[in-house]
Amino acid sequence: MICNGKISYDNRPSVYNDPRTKIYWFQSKNQVFVINHGKIYLNEIKDGKQVLHFIVAYKEIENDYIGSMLYDEANQKLYIGSLIKGLNVISLSHFYISQKKGSFCR
């Protein structure tokens, strides 16, 4: 990790050093995205440590050739620029659909 010109290294097993992890840096907004197993996270540095914030599960992301990503927190949108598919805008929601998987449902 490079933060404010200081370099630090952590070799404990984590999503950061998983061989299947992809990391994208959107330099103009200083946003770092971590993609692992179809899940997209926003990386932040708090108290000198990296913290991942889950944004969305998007399984197709593994096969796309991503050129850029931008997360607009105020409008809850994730913009993904793909070299093949163009611009994909994902509107995020904090609402979840209930599932009928409880023991009281037939």
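This text goes with the structure placed above it.
Structure report, in brief. (Residues numbered from 1 in each chain as written. Predicted model: local features only at pLDDT ≥ 70, side-chain atom pairs only at ≥ 80, totals over all residues. Heavy atoms only, no water.)

## As for unusual backbone geometry
Thinking step 1. Of note in the backbone geometry, asparagine 30 takes a positive phi value of approximately 55° without being a glycine.
Thinking step 2. For asparagine 30, the position within the fold is in the loop between strand S3 (22-26) and strand S4 (31-36).
Thinking step 3. Positive phi, normally seen in glycine, also occurs at glutamine 76, with a value near 55°.
Thinking step 4. One can find glutamine 76 in the loop between strand S7 (66-72) and strand S8 (77-82).
Thinking step 5. Judged by relative accessible area, glutamine 76 falls into the buried class, the value being 18%. (Helix = DSSP H or I, 4+ residues; strand = E, 2+ residues; numbered from the N terminus. Buried < 20%, exposed > 50% of the residue type's maximum accessible area, 1.4 Å probe, protein only.)

## Here we look at the environment of isoleucine 45
Thinking step 1. Mapped onto the elements of the fold, isoleucine 45 is located in strand S5 (residues 39-46).
Thinking step 2. Judged by its relative accessible area of 38%, isoleucine 45 falls in the partly exposed class.

Distances and angles like these do not, on their own, reveal function.
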